[in-house]
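# Per-entry structural report
One letter stands for each residue in the lines below.
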Number of protein chains: 2
Amino acid sequence: MKTLKRVQKVTSRLADFGKWYTDICLKAELIAYSDVKGFIIYLPYGYALWENIQKYLNDNLQKTGHQNVYFPLVFSEKLFQKEKDHIQGFSPEVAVISSVGQRQLSEKLIIRPTSEVLFSQYYAKNISSYRHLPKLYNQWCNVVRWEKTTKPFLRGKEFLWQEGHTIHATEQEAINQTLSIIKLYQKLGKELLALPFVCGRKTEKEKFAGALVTYSLEALMYDGQALQAGTSHYLGTNFAKSFQIQFQDKDLQKQYVHQTSWGVSTRLIGALIMVHSDDEGLNFPPYVAPMQIVIIPLQPQDKLVRVTAKKLFDTLKENYRIHLDLQDKTPGWKFSQYELKGVPLRIEIGKRDLAQDEVTVFQRYNFSKQNFKITTLKQQIPVLLKTIHNNMYERALKHLEANQKQATTYEKFKQHLQKGGYVAMSIAGTEAELQIKEETGATARIILDTPLITTSCPVTNQKALHTVLFAKAY
Amino acid sequence: MKTLKRVQKVTSRLADFGKWYTDICLKAELIAYSDVKGFIIYLPYGYALWENIQKYLNDNLQKTGHQNVYFPLVFSEKLFQKEKDHIQGFSPEVAVISSVGQRQLSEKLIIRPTSEVLFSQYYAKNISSYRHLPKLYNQWCNVVRWEKTTKPFLRGKEFLWQEGHTIHATEQEAINQTLSIIKLYQKLGKELLALPFVCGRKTEKEKFAGALVTYSLEALMYDGQALQAGTSHYLGTNFAKSFQIQFQDKDLQKQYVHQTSWGVSTRLIGALIMVHSDDEGLNFPPYVAPMQIVIIPLQPQDKLVRVTAKKLFDTLKENYRIHLDLQDKTPGWKFSQYELKGVPLRIEIGKRDLAQDEVTVFQRYNFSKQNFKITTLKQQIPVLLKTIHNNMYERALKHLEANQKQATTYEKFKQHLQKGGYVAMSIAGTEAELQIKEETGATARIILDTPLITTSCPVTNQKALHTVLFAKAY
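Computed from a predicted structure; not experimentally measured.

## Thoughts on the pattern of salt bridges
All names here are of chain A. Applying the stated rule across the entire model yields 35 salt bridges over all chains. In this structure, the salt-bridge partner of Lys 341 is Glu 29, at a minimum N-O distance of 3.9 Å. On the criterion of sequence distance, the pair formed by Lys 341 in the loop between helix H10 (331-340) and strand S18 (345-349) and Glu 29 in the loop between helix H1 (17-27) and strand S2 (31-33) is long-range, its members being 312 residues apart. Since its relative accessible area comes to 15%, Lys 341 is described here as buried. Residue classification places Glu 29 among the partly exposed residues on the basis of a relative accessible area of 41%.

Below you can see the structure in the form of structure tokens.
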């Protein structure tokens, strides 16, 4: 294996992580900005990532009996007000339709920031017996939340997501559902995105508005900041009581349903970029990559080179997302382009290699080059892709593990925090959490299911309640 | 073949077509109403139809080089005002966001009724050379148009659709694109939905706001009313000039791009129902049916019946959307349910048939029953499905052809019209069209590419300009 010299194309990741990120999103044509601040355009190369995530989740959700539905974009203010915690959480950031053309509407309409109230109302009207349960509904849609600061994929005034809304006859079944979805999201991370997550319950302060328990998946970006990548909520009977979602059980008793909701969004794409990419540009793990392989003929004017390239393309196109680049540009320009675009494998076809019946294969994730006999290539490619995927996952996992510390004092906590990553500390509760946020900017990411590190809280000196993983977060 | 006696389940189609239609949509659980009038909930059985349409179109669009993107839900008022005809056409029905939480926005935002202005603005900023052309973008999304009267699938304040937006270097290429999409939609109708369309240009009055030419596909509902099922617009350089979408051609000259836009929506589901369904309920052609086959064991307590049913289910589940109904209900109740749901094939497994190694197969579209040897079933099913599909298409085509008349006088026109269906008449132009609409309620559906029926217009007595197909329409 030879290692290739790298060429600078985007702002350096170390010099300015924020600028590096938006540079990549724009230059690799994942997105473009629209005329309204905070709304982005998903270009083909960016949207394809979302389509691959959708396909993975749809296949898995279908296998476990979930059904896709589509609920409306809007609901009435009255409906919104039915669940108190929920409205308090979302009210400041909801967009409101109050007119059509030049006419005022008699009732203002809320654009969905999430759809618990819509599903709850539907369930209330249509569920009456245990025979109707469970309902395992999911929808893919856009939602609107008026965020103050926005960043492509990570935080926008509109984003795309899937939101699952299920109802169950028993608490246990609903809790199992909540947890099984967290497992599914972890599998998505591990199998498709090469993203390891830390995973656990949110604190009272950080949980979803209206939930009893929120489980969260948190990814660690290359710069040491955390990102909430997905959540699964056990809603208990909160919405069921506000909306009167009741059913008759086998003993003819009226019962409230137990409810869950859960979602992942286009944020995952942000995590994908911020974890794996580098100063050369994007760096996609192979199973989610919009283009998995690019074939570049080094001397396209040479007939054997051209014919071999075309033949190889035809051999592989059934099984891979592959592109044969015949543009009238230099190989060097093309190399640089597809490195920026994060294409996992590049097959270079040149006269010298062909004399040995070989081609050169470049791996984007570690910049290695290796020669392969053409005859073995078809067998080698799945092996290469699998190795790349696994190595990218392991690399991200190492980064995550190396950046997860413990603190026995508040001083130590602050020192760890300055270096980025997660810091675990045993705290007394919300008061400590608020003080930490105020003084360090770090937020409680999840509660760890581990023994207490210290018996008293280093911040408040009160009795420690639980161990919380803190981090600065996007 | 034996013919089965029918049972009344929904309002009769002949007695009250409108009530019959909404009855079916609600009772077969395709949709439910939401709390805001004009917005519907797509339930799993209804949404699956849309997913099947999406899959068919996505596969076909991808093969011809189209790329999926996602543009924002909103745009600024300023952007909306750039193309004069366009804003005039859509302005009265656009929903406006003017506040967030309790705060007023400094600039009101329009919720997309269609996205020409967004795509045009993006293209204007990002296209500069003939090398960038063509761009063949498509998006799947929701749009909002404040329709006064609404009807499930056919007309709603929010609907789901795909909208394609392409730009090209030459007029000819753009016109070819416009026409190739119409061919694709016809293929969708013929191959997936078993729906025949009449197809042609819209009149000046009926064309899309901002287009030079609109081609339309029109389906004929069972009640004799027409339905616009899809459109493909050649926009010329209208938007290119308003938005300054220019490129440098091979001779270094600045040129405006030639643009198209085109779409089909969830209306197609309305057409599917109104053309094929009957007094027993839904009646789906097999390739779009959410459930293609249902297996019903007649004596589920019998072991051989149960085992055979399960074995058959396992044999077929790889290739078909199939359901094995083991619910504790009578066969009769189940028959009636799946007829209401329009499942194309029902396989009844009973002891008597099994004694002959046979099962009974019921075809929903013609209520026929036929016995098959179990061993031949796997080979017979694709043949059955194809025959059902073709026969449903032919039946719809016959209905369309039988309800397409010509008129040489205005009197004759009115007589034909009263019986429903299309009436062709050669007219002088917009003035005649307006008068016809005013006096009969019929609108110009498409211009026919046929010789004039009469040399003068029966309505205005002026020289006839072209032959137009009229109908009352949804």
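We are not done yet, so read on.
## Some remarks on the relation of the copies chain B and chain A
Each copy of the sequence occupies a distinct position, and chain B is placed on chain A by a rotation of 180° and an axial shift of 0.0 Å, giving an RMSD of 0.1 Å. Look at the turn and shift together and you get a two-fold axis relating the two. Taking C-alpha positions as the reference, the residue of chain B nearest the rotation axis is Ile 97 of chain B, at 2.2 Å.

## Considerations on the packing of aromatic side chains
Tallied over the full model, the rule gives 38 aromatic pairs over all chains. Ring centres of Phe 71 of chain A and Phe 119 of chain A lie 3.8 Å apart, and the angle between their planes is 20°; this geometry places the pair in the stacked category. Here Phe 119 of chain A lies in helix H5 (residues 116-126) and Phe 71 of chain A lies in the loop between strand S4 (67-68) and strand S5 (74-76), a separation of 48 residues in the sequence. For the pair Phe 71 of chain A and Phe 119 of chain A, one class covers both residues: buried. Taken together, a centroid distance of 5.7 Å and an interplanar angle of 50° make the contact between Phe 75 of chain A and Phe 80 of chain A tilted. Grouping residues by exposure puts Phe 75 of chain A and Phe 80 of chain A together as buried. Following the ring pairs from residue to residue traces out a cluster consisting of Phe 71, Phe 119, Tyr 122, Tyr 123 and Tyr 137 of chain A. Between the NZ or CZ atom of Arg 13 of chain A and the centre of the ring of Trp 20 of chain A, over which it lies, the distance is 6.0 Å. Taking the ring centre of Tyr 45 of chain B as reference, the NZ or CZ of Lys 341 of chain B above it sits at 4.5 Å.

## Focus: the domain arrangement of chain A
Residues and elements named next belong to chain A. Domain parsing of chain A yields domain 1 (17-74 + 120-276), domain 2 (293-384) and domain 3 (407-471). Between domain 1 and domain 3, the C-alpha centre-to-centre distance is 27 Å. Domain 1 puts 15 residues into the contact, and the matching count from domain 3 is 15 residues. Summing both partners gives a buried area of about 1,300 Å² for domain 1 against domain 3, and 58% of it is carried by carbon and sulfur.

## Looking at the pairing of strand S15 (residues 258-265) of chain A
Residue and element names in this part refer to chain A. For S15, the buried fraction is high: eight of the eight residues fall into the buried class. Residues His 258, Thr 260, Trp 262 and Val 264 of S15 are buried on one face, and the alternating residues Gln 259, Ser 261, Gly 263 and Ser 265, pointing to the opposite face, are buried as well. Here strand S9 (residues 158-168) pairs with S15 via eight bridges, running antiparallel. Across the sheet, the residue bridging to His 168 is His 258, located in S15.

## Quick look at the interface of chain B and chain A
Of the residues lining the interface, 47 residues belong to chain B; the matching set on chain A comes to 47 residues. Both sides of the chain B and chain A interface together cover about 4,100 Å² of buried area, and 62% of this is carbon and sulfur. Inspection of the region where chain B meets chain A yields zero salt bridges. The tally of links from chain B across to chain A stands at 22 residue pairs in polar contact (both at pLDDT 80 or more). In terms of residues, the side of chain B that touches chain A owes the most to one element, strand S6 (residues 95-100) of chain B, which gives six residues. Class assignment of the residues belonging to the side of chain B that touches chain A gives a composition of 31 nonpolar, 10 polar and six charged. As judged from the five bridges shared by strand S6 (residues 95-100) of chain A and S6 of chain B, these two strands associate in the antiparallel manner. Paired with Ala 95 of chain A across the two strands is Val 100 of chain B, which belongs to S6 of chain B.

Rules and cut-offs
- Residues numbered from 1 in each chain as written.
- Chains lettered and ligands numbered in written order.
- Predicted model: local features only at pLDDT ≥ 70, side-chain atom pairs only at ≥ 80, totals over all residues.
- Heavy atoms only, no water.
- Salt bridge = Lys/Arg side-chain N within 4 Å of Asp/Glu carboxyl O.
- Helix = DSSP H or I, 4+ residues; strand = E, 2+ residues; numbered from the N terminus.
- Buried < 20%, exposed > 50% of the residue type's maximum accessible area, 1.4 Å probe, protein only.
- Least-squares fit on C-alpha atoms with pLDDT ≥ 70 in both.
- Phe/Tyr/Trp six-rings, centres within 6.5 Å; stacked < 30°, edge-to-face > 60°.
- Lys NZ or Arg CZ within 6 Å of the ring centre and 35° of its normal.
- Domains from an automatic or database assignment.
- Contact = heavy atoms within 4.5 Å.
- Buried area = accessible area lost by both parts, 1.4 Å probe.
- Pairing = 2+ DSSP bridges.
- Polar contact = N/O pair within 3.5 Å; in protein donor to acceptor, adjacent residues only side chain to side chain.
- Nonpolar A, V, L, I, M, F, W, Y, C, P; charged D, E, K, R; others polar.

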